[in-house]
Each structure stands twice: as C-alpha cells, then as structure tokens.
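Structure assessment
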Amino acid sequence: KNHNKPYRIYAEEEAGELLQLIQNISEETNRRKPSYQLYLRSYLTWIGAYLSREQFVTESNIESGKKLSKIVPAIRYINEHFTEKITLDQISRAVPIDKYYLCKAFRTGTNSTVLDYINFLRLSHAVEQLLRPSISIYEVAYNSGFSSVPYFNRLFKQYYNCTPMEYRKKLLWS
C-alpha cells in the first residue's frame, strides 16, 4: 500500500548539498562576520532555487503552505498528544478550528490525512521503543498511543513490511 507521508526522504547525495548550505547558514550566524546577512540571504535563495528546480517547491506548494500555516496549531497539538487517545473532535476543539476544514487544510498542506500523520508519529515512537528489549510489544503499542495491539501490528506491518517483533529482532541482531 502506498502511504502519503508528511515528509520527504532525501537520498544521501541529494541531501549533501542542502546540508552543506544549512551548515554554512549556521556558521555565518554564529560568526557574524561583516556582511554575514548577505551570505545568509544568498544561502537561503540558493536553497529556495534548488528546491524549486527539483520541484519540491511549486506554486501549489506555496498555496498549500498558506493552508499549512492555518493548521500549525493542530500539528503542535498532535505532536504533544499523539501518545494519548486523540480524536478529530479533540483536536478541532483544542485549536479551535472546524474539524471539516481541518481535514481539508491538513490534506492540502501536508498531502496526508490527520490520521496518517498521527499514525506516522506513533509508529516512529514505537520504533524508538522497540530498541529497548525490556519493553514488551504490548507496552510499545500502548506507550505509542495505540489502543489495540492487533491494529498496531497490522499498521506496523503495512509501513515496515514486518511485524514489530521481527523489526526488533532485526535491530537488535544486526
């Protein structure tokens, strides 16, 4: 199954150039030599041009960015509460934003559904927990926000093509 993920994974050779530019920005910011602000603008322009050329930034991305800015409070809320039982109604009340608008804006802004994003966070948390063999799979599931171990196992297998136990064995024995 193809999952829309709210992030972009760069190949190492792609990331190298971007990482170097980010490192340059960090160095210029820390050193604050004469004209450092011009260098910062230059590096940021270079990053923008690179992302545009590689079609990571398009006019539709800019439009979705406007919607994304409206859902940032919801994303923050989800990031803080994903390990708890969380519903769309809770999120929309906490922000506050209409839940139907939230779903539409979230899809436009992130190319992902709210549930896909929550599951992504929960599964990422579960992977970290799996590194600790003292924690049972049951505890990993519940610590990561899943209320059902069978659902956790099924979703984990969809994302990682193996069960949590198989994944743990690969991590610990590799």
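Described below are features of the structure shown in this document. Remember, it's a predicted structure, so these values are computed and weren't measured experimentally.

Summarising the element assignment, Ser-92 is placed in helix α4 (residues 88-94). A relative accessible area of 10% means that Ser-92 is categorised as buried. Setting aside its immediate chain neighbours within four residues, Ser-92 contacts Ile-97, Asp-98, Lys-99 and Leu-102.

Enumeration according to the criterion identifies two salt bridges in this entry. Between Glu-27 and Arg-31 there is a salt bridge; the shortest N-O distance is 3.9 Å. Linking Glu-27 with Arg-31, this pair stays in helix α1 (residues 12-31), spanning four residues, or about one helical turn. Relative accessible area serves as the criterion here: at 29%, Glu-27 is assigned to the partly exposed category. One salt bridge connects Lys-99 with Asp-89, and the closest N-O pair in it is separated by 2.9 Å. Taken together, the residues span a long stretch of sequence, with Lys-99 in helix α5 (residues 99-110) and Asp-89 in helix α4 at a distance of 10 residues. Assessed through its relative accessible area of 25%, Lys-99 is described here as partly exposed.

This paragraph deals with unusual backbone geometry. Glycine aside, negative phi is the norm for most residues, and most peptide bonds take the trans geometry. Look at the link from Val-95 to Pro-96: it is a cis peptide, with omega at -20°. One can find Pro-96 in the loop between α4 and α5. Despite not being glycine, Arg-32 has its phi angle at roughly 55°, a positive value. Tracing the backbone shows Arg-32 in the loop between α1 and α2 (36-53). What makes Arg-32 exposed here is its relative accessible area of 52%. For Asn-161, which is not glycine, the phi dihedral falls at a positive 60°.

Next up on the list: the layout of surface pockets. Any empty space left between atoms is shown by rolling a water-sized probe over those atoms. Considered as a void within the structure, the second largest pocket measures approximately 210 Å³ in volume. Forming the boundary of the second largest pocket are 15 residues, of which Ile-86, Leu-115, Ile-118, Arg-122 and Gly-145 lie nearest the centre. At the level of secondary structure, the elements contributing two or more residues to the lining of the second largest pocket comprise α4 and α6 (114-130). Of all the elements, α6 adds the most residues to the lining of the second largest pocket, at five residues. Considering only residue class, the lining of the second largest pocket consists of eight nonpolar, five polar and two charged.

On the surface, Leu-131, Leu-171, Leu-172 and Trp-173 cluster together into a nonpolar patch covering about 440 Å² of accessible area. In this structure Leu-171 comes out as partly exposed when scored by relative accessible area, which is 30%.

For helix α9 (residues 164-173), the set of buried residues is Pro-164, Tyr-167 and Arg-168. The arc that holds the buried residues of α9, viewed along the axis, is 100°, so those residues lie on one side. For α9, the exposed residues lying more than 90 degrees away from the buried face are Lys-170 and Trp-173. Where α9 is buried, its residues contact α6, α7 (137-143) and α8 (149-160).

Rules used in this analysis
Residue positions within a chain follow its written sequence, with the count starting from 1. Only residues with pLDDT of 70 or above have their local features reported here, since the model is predicted, and side-chain atom pairs are shown and tallied only from 80 upward, although totals for entire chains, interfaces and linings are computed over all residues. Computation of side-chain values covers all heavy atoms of the structure but excludes hydrogens and water. Under the scheme used here, helices are H or I runs from DSSP no shorter than 4 residues and strands are E runs no shorter than 2 residues, and both carry numbers assigned from the N terminus. Using a 1.4 Å probe on the protein chains alone, a residue whose accessible area is under 20% of its type maximum counts as buried, one over 50% counts as exposed, and one in between counts as partly exposed. The criterion used for residue contact is that any of the two residues' heavy atoms lie within 4.5 Å. The term salt bridge refers to a pairing of a side-chain nitrogen on Lys or Arg with a carboxyl oxygen on Asp or Glu at a separation within 4 Å. Put plainly, a pocket is an open set of points on a 1 Å grid over the protein atoms alone with protein on both sides within 12 Å along at least five of seven lines, a cavity is a set where a 1.4 Å probe fits but cannot get out, and a lining residue has an atom within 4 Å of a point. Grid points are joined across faces, edges and corners, and a volume is the space filled by probe spheres set on the points. Residues are sorted three ways: Asp, Glu, Lys and Arg are charged, Ala, Val, Leu, Ile, Met, Phe, Trp, Tyr, Cys and Pro are nonpolar, and all the rest, Gly among them, are polar. Surface patches are defined over residues having more than 30% relative accessible area and no salt bridge, joining like charges when they lie within 9 Å and nonpolar side chains (Val, Leu, Ile, Met, Phe, Trp, Tyr) when within 5 Å. All accessible areas in this document rest on Shrake-Rupley with a 1.4 Å probe, and a residue is counted as covered only by the protein chains that are shown. Read the arc as the range of directions from the helix axis to the C-beta atoms.

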